[in-house]
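One-letter residues, chain by chain:
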Amino acid sequence: MTNGGQPDTTWSALSDTEASARVSEMRQRFEALAGLDQPAREQQAESMIRAEYALDDESLADFTESRLRSWLSFAADNIEGARDVARAYDRAFERVPGEMAMHRAGLVHMIARDRLTPEDTDVLYELIPRLVENVPRASQEAVEHAAEVSRLTGGGPAASGGKPWWKFW
């Protein structure tokens, strides 16, 4: 294990691997991390964070997506282990510079909103609620309403010669 103050460059080196291999490698690292005691887990997470946030913005966005996807994969098999790792990340972010923590929040929001499914975001809410609580999520009622509007405007009775959807008489 590395010192919490020093970046773990073996972690950031994963940015050079193909996305699916990176997710798999990250998951293995997170499984190992989950096996540590809390102080060691937090120290290692801080080393990983310092290396991760030294990446350029484009690489960091892809890396963050892979990290979130690896957490989702890990959570599918071991929710408690994934929560332990997420808590270690949260605690470690309390010890890094504020700009790094703010960058994290913005990236996680962007990735959750633009690259993940609503179901993935729901799982992330179980792991990192403070980070994703403000990510817009569609309620089931909103999804059903949108489907109904689409049905009414695109292929409902009006399209087949029936009364237009807006005519209620």
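Definitions and cut-offs
- Here the residue numbers are simple positions, counted from 1 along each chain's written sequence.
- For this predicted model, a pLDDT threshold of at least 70 governs which residues receive local features, and a threshold of 80 or more governs which side-chain atom pairs are given and counted, while totals over whole chains, interfaces and linings are taken from all residues.
- Side-chain metrics in this entry use all non-hydrogen atoms of the structure; hydrogen atoms and water are not considered.
- Definition of nonpolar core: a set of buried residues of the types Ala, Val, Leu, Ile, Met, Phe, Trp, Tyr and Cys, connected through side-chain atoms within 4.5 Å.
- With a 1.4 Å probe rolled over the protein chains alone, any residue whose accessible area is under 20% of its type maximum counts as buried; one over 50% counts as exposed, and the rest are partly exposed.
- We count a stretch as a helix when DSSP gives it H or I for four or more residues in a row; a strand needs E for two or more, and each element gets its number in order from the N terminus.
- By the convention used here, residues are in contact when the closest approach between their heavy atoms is within 4.5 Å.
- A carboxyl oxygen of Asp or Glu within 4 Å of a side-chain nitrogen of Lys or Arg is what we treat as a salt bridge.
- By definition, pLDDT measures how confident the predictor is in each residue, and it falls between 0 and 100.
- What the arc measures is the spread of directions leading from the helix axis to the C-beta atoms.
- Lines fitted to C-alpha atoms define the axes, with helix axes restricted to the stretch in contact, and inter-axis angles between N-to-C directions lie between 0 and 180 degrees.
- Any angle that falls under 35 degrees is termed roughly parallel, while one over 145 is termed roughly antiparallel, one within 65 to 115 roughly perpendicular, and all others oblique.
- Crossings are assigned a handedness: left-handed for a near helix turned anticlockwise from the far helix by less than a right angle, right-handed for a clockwise turn.
- Residue classes follow a fixed rule: Ala, Val, Leu, Ile, Met, Phe, Trp, Tyr, Cys and Pro count as nonpolar, while Asp, Glu, Lys and Arg count as charged, and any other residue, Gly among them, counts as polar.
- Stacked, edge-to-face and tilted labels apply to pairs of Phe, Tyr and Trp rings (six-membered ring for Trp) whose centres lie within 6.5 Å, assigned for plane angles under 30 degrees, over 60, and everything in between, in that order.

### Thoughts on the nonpolar core
Phase 1: In this structure, Phe30, Trp71, Tyr89 and Ile128 are the most contacted members of the largest nonpolar core, which totals 39 residues.
Phase 2: Of all the secondary structure elements, the ones that give two or more residues to this core are helix H2 (19-34), helix H3 (38-52), helix H4 (57-77), helix H5 (79-93), helix H6 (98-114), helix H7 (118-127) and helix H8 (129-132).
Phase 3: In terms of residues, this core owes the most to one element, H4, which gives eight residues.
Phase 4: Aside from chain neighbours lying at most four places away, what touches tryptophan 71 is Phe30, Ala82, Val85, Ala86, Tyr89, Leu127 and Ile128.

### Digging into the pattern of salt bridges
Phase 1: Using the criterion set out here, one finds 18 salt bridges in the structure.
Phase 2: Between arginine 27 and aspartate 77 there is a salt bridge, with its nearest N and O atoms 2.6 Å apart. Of this pair, arginine 27 sits in helix H2 while aspartate 77 sits in helix H4, placing them 50 residues apart in sequence.
Phase 3: Among the residues examined, arginine 27 registers a relative accessible area of 16% and is labelled buried.
Phase 4: Relative accessible area serves as the criterion here: at 58%, aspartate 77 is assigned to the exposed category.
Phase 5: With its nearest N and O atoms 3.2 Å apart, the salt bridge here joins arginine 83 to glutamate 126. You can see arginine 83 sitting in helix H5 and its partner glutamate 126 sitting in helix H7, a full 43 residues away along the chain.
Phase 6: Take glutamate 126: its relative accessible area is 43%, and that puts it in the partly exposed class.
Phase 7: Several salt bridges share partner residues, and in doing so they unite Glu42, Glu46, Arg50, Arg91, Glu94 and Arg95 into one network.

### Focus: the confidence of the model for the chain
Phase 1: Residues at a pLDDT of 70 or more form 80% of the chain, whose mean pLDDT is 85.
Phase 2: Confidence over residues 156-160 falls short of pLDDT 50; this stretch has eight contacts with residues more than four positions distant or in other chains.

### Notes on H7
Phase 1: All buried positions along H7 are accounted for by Asp120, Thr121, Leu124 and Leu127. Looking straight down H7, one finds its buried side chains confined to an arc of 105°; they lie on one side.

### Focus on the packing of H4 against H6
Phase 1: Between H4 and H6, the shortest axis-to-axis distance is 10 Å and the interhelical angle comes to 65°. With respect to H6, the axis of H4 lies roughly perpendicular. Crossing hand, H4 versus H6: right-handed. Where H4 approaches H6, its residues Asp57, Leu60, Ala61, Thr64, Glu65 and Leu68 are matched on the opposing element by His103, Leu107, Val108, Met110 and Ile111.
Phase 2: Of the residues contributing to the contact of H4 with H6, the split by class is seven nonpolar, two polar and two charged.

### Some points on the packing of aromatic side chains
Phase 1: A full pass over the atoms with the stated rule returns seven aromatic pairs.
Phase 2: Ring geometry for tryptophan 11 and phenylalanine 63: centres 5.4 Å apart, planes at 90°, overall edge-to-face. Taken together, the residues tryptophan 11 in helix H1 (residues 9-12) and phenylalanine 63 in helix H4 connect sequence positions 52 residues apart.
Phase 3: Judged by relative accessible area, tryptophan 11 falls into the buried class, the value being 0%.
Phase 4: We classify phenylalanine 63 as buried; its relative accessible area is 0%.
Phase 5: For the pair tyrosine 89 and phenylalanine 93, a centre-to-centre distance of 6.2 Å together with 50° between the ring planes defines the contact as tilted.

### A short note on the environment of valine 96
Phase 1: Considering the arrangement of structural elements, one finds valine 96 in the loop between H5 and H6.
Phase 2: The spatial distance from the C-alpha of valine 96 to the C-alpha of glycine 5 is 9.0 Å, given a sequence separation of 91 residues.
Phase 3: Excluding residues that lie within four positions of it along the chain, valine 96 makes contacts with Glu46, Ile49 and Arg50.

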